[in-house]
Amino acid sequence: MEIKITKNPNPAPPLDETKLGFGVKFTDHMFIMDYTEGKGWHDARIVPYGDISLSPAATVFHYGLEIFEGMKAYRTPDGSVQLFRPWENIKRMNNSALRLTLPTLNEEDALQALTTFVRTDERFVPSAEGTSLYIRPFMFGCEPNLGLHKVKNVKFMIIASPSGSYYDEGIDPVSIMIETEDVRAVRGGTGYTKCGGNYAAANRAGEKAEQLGYTQVLWLDGVERKYIEEVGSMNVMFKINGKIVTPDLIGTVLPGVTRKSIIEMLSSEGYEIEERRISVEEVISALENGTLEEAWGCGTAAVVSPIGKLVYKGHEYVINGGKTGALTSHIYDELTGIQWGTKPDRFGWTLKI
Ligand SMILES: *Cc1c(COP(=O)(O)O)cnc(C)c1O
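Residues numbered from 1 in each chain as written. Predicted model: local features only at pLDDT ≥ 70, side-chain atom pairs only at ≥ 80, totals over all residues. Heavy atoms only, no water.

Participant: Can you help me understand the site of the ligand in this one?
Facilitator: For the ligand, the set of nearby residues contains 14 residues, the closest of which are Lys194, Tyr199, Glu230, Thr258 and Thr300. Contact distances for the ligand include 2.6 Å between an oxygen atom and a side-chain N or O atom of Thr258. Contacts to the ligand include Thr300, whose side-chain N or O atom sits 2.6 Å from an oxygen atom. For the ligand, whose free accessible area comes to 380 Å², the fraction covered by protein is 96%. The pocket occupied by the ligand, as judged from atoms lying within 2 Å of grid points, is the largest pocket. (Near = heavy atom within 4 Å. Polar contact = N/O pair within 3.5 Å; in protein donor to acceptor, adjacent residues only side chain to side chain. Areas by Shrake-Rupley, 256 points an atom, 1.4 Å probe, with all protein chains shown as cover. 1 Å grid on protein atoms, 1.4 Å probe; cavity = no way out; pocket = protein on both sides within 12 Å on 5 of 7 lines; lining within 4 Å. Sits in = over half its atoms within 2 Å of the grid points.)

Here's what the structure looks like:
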């Protein structure tokens, strides 16, 4: 695929790594490609980062036809830059596209778009410990038509934001509220896709949890509100009696790349992993009888986020004395070691760009 590059005539000053934050500052460029029915994807280009123009009738504004991905580029000790399992993000984006009737991407073209874009803005990949360049590919319907039919005009874009360390002051366990009213997903719905609408529907419960002093919500299944699905926008795992238990992928849970990587890594280390339904009752009785050893959320942003406290129907339960567990720390060290290139990548997960 040919990618036309127009350099930003007003490049940003050199990166100040002490003030990175998350998702508010962007790199000098963005990638855009258009899709037109009958013509397919065309006009792949990298242009100066900036506003885009859309019809007020564009599908995305009215019917939420939007999907996205989240991944990072990491600076390694030798100064090079690498991606972590980008193939997984591309496959997942295509699965999201199929569910939302958006066009799929050619996998090689998508990888070329990612690598060319990151190479163009390579100087924005920070090097301080724990920092990275957060990459946000996204796709949306732009048809100027209030009738919702087959979407004939679509854009695929990539933007990126240099981001600070998630754990400035070391890994800190979080308090999580089990949400018993709102639900995130049902079977047959869009739970397994990364679509904007899922986040819109989840925001109310997240805000409520925050107001009550909790970091995030733990989502239950949408039918019986009995089985555990995810925590905030992370997958969730429990260590019960030495075994790792995590909800299985039945269409309601987002298939996280971090989840998959942890499962593969821990299996290779001999851990027993159960991907299955797990009820709140089971977790609470494991808490009460002392067999729940650790619990953590996992996703690209935090890698792992230990759960120190769970609240369910007004009762608070403390996990592992409210401290980060040994296995949670181990997962964090191993995975971040591979991602930032300080440990050998024995799985072939990284891609130097
Ligand atoms: C992105 C996301 C995750 C984590 O996926 P990763 O690929 O590990 O970053 C988990 N749950 C939800 C709802 C998500 O949107």
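Participant: What exactly am I supposed to notice about the pattern of salt bridges here?
Facilitator: Opposite charge on two side chains allows them to pair when their charged atoms are near. Scanning all chains against the criterion turns up 24 salt bridges. The salt bridge partner of Arg123 is Asp28, with a shortest N-O separation of 2.8 Å. On the criterion of sequence distance, the pair formed by Arg123 in the loop between helix H3 (107–120) and strand E7 (132–141) and Asp28 in the loop between strand E1 (4–5) and strand E2 (29–36) is long-range, its members being 95 residues apart. Given a relative accessible area of 38%, Arg123 falls into the partly exposed group. Judged by relative accessible area, Asp28 falls into the buried class, the value being 6%. (Salt bridge = Lys/Arg side-chain N within 4 Å of Asp/Glu carboxyl O. Helix = DSSP H or I, 4+ residues; strand = E, 2+ residues; numbered from the N terminus. Buried < 20%, exposed > 50% of the residue type's maximum accessible area, 1.4 Å probe, protein only.)

Participant: I would appreciate a short explanation of the layout of surface pockets in the present structure.
Facilitator: Remark: the empty space left among the atoms is shown by a probe the size of a water molecule rolled over them. Taken as a whole, the largest pocket encloses approximately 1100 Å³ of empty space. Lining the largest pocket are 49 residues, and of these Tyr199, Gln216, Ser233, Met234 and Ala301 sit closest to its centre. Top contributing element to the lining of the largest pocket by residue count: helix H4 (residues 196–211), with 7 residues. Classifying every residue of the lining of the largest pocket gives 18 nonpolar, 22 polar and 9 charged. (Points joined across faces, edges and corners; volume = space filled by probe spheres on them. Nonpolar A, V, L, I, M, F, W, Y, C, P; charged D, E, K, R; others polar.)

Participant: What is the right way to look at the environment of Arg45 in this model?
Facilitator: Here Arg45 is to be found in strand E3 (residues 40–48). Sequence-wise, Arg45 and Arg184 are 139 residues apart; in three dimensions their C-alpha atoms are separated by 35 Å. Every residue in contact with Arg45, bar those within four places of it in the chain, is listed here: Ile3, Lys4, Met30, Phe31, Ile32, Met33, Asp34 and Lys155. Polar contacts involving the side chain of Arg45 include one to the side chain of Asp34, which spans 2.8 Å. Side-chain polar atoms of Arg45 contact the backbone oxygen of Asp43, separated by 2.7 Å. (Contact = heavy atoms within 4.5 Å.)

Participant: Would you explain the nonpolar core in this entry?
Facilitator: Inside soluble globular proteins, nonpolar side chains tend to come together where they are buried. In this structure, Ile228, Phe238, Ile262, Trp296, Leu310 and Ile331 are the most contacted members of the largest nonpolar core, which totals 47 residues. Other than its neighbours up to four places away in sequence, Ile228 contacts Leu218, Trp219, Leu220, Val236, Phe238, Pro247, Ile278, Ser279, Val280 and Val283. Membership of the second largest hydrophobic core comes to 35 residues, among which are Ile46, Leu65, Met93 and Cys195. (Core = buried A, V, L, I, M, F, W, Y, C linked by side-chain atoms within 4.5 Å.)

Participant: What am I meant to see in the packing of helix H5 (residues 257–268) against helix H7 (residues 326–339) here?
Facilitator: Pairs of packed helices are described in terms of their axes, by the angle between the two and the distance that separates them. Look at H5 against H7: their axes get within 11 Å of each other, and the N-to-C directions meet at 105°. By the angle class used here, H5 and H7 are roughly perpendicular. Contacts between H5 and H7 involve Thr258, Ser261, Ile262, Met265 and Leu266 from the first element and Leu327, His330, Ile331, Glu334 and Leu335 from the second. When the residues that make up the contact of H5 with H7 are grouped by side-chain class, the tally is 6 nonpolar, 3 polar and 1 charged. (Axes fitted to C-alpha atoms, helices over the stretch in contact; angles between N-to-C directions. Parallel < 35°, antiparallel > 145°, perpendicular 65-115°, else oblique.)

Participant: Please clarify how the pairing of E7 should be interpreted in this entry.
Facilitator: In regular strands, side chains alternate between the two faces of the sheet. Counting buried residues along E7, 9 of its 10 residues qualify, which places the element largely inside the surrounding structure. Looking at chain direction, strand E4 (residues 66–68) and E7 are connected through 3 bridges and run antiparallel. Looking across to E7, one finds that Glu66 is bridged to Phe140. Inspection of the sheet shows E7 paired to strand E8 (residues 153–163) by 10 bridges, in the antiparallel sense. Bridge pairing in E8 places Pro137 opposite Ile158. (Pairing = 2+ DSSP bridges.)

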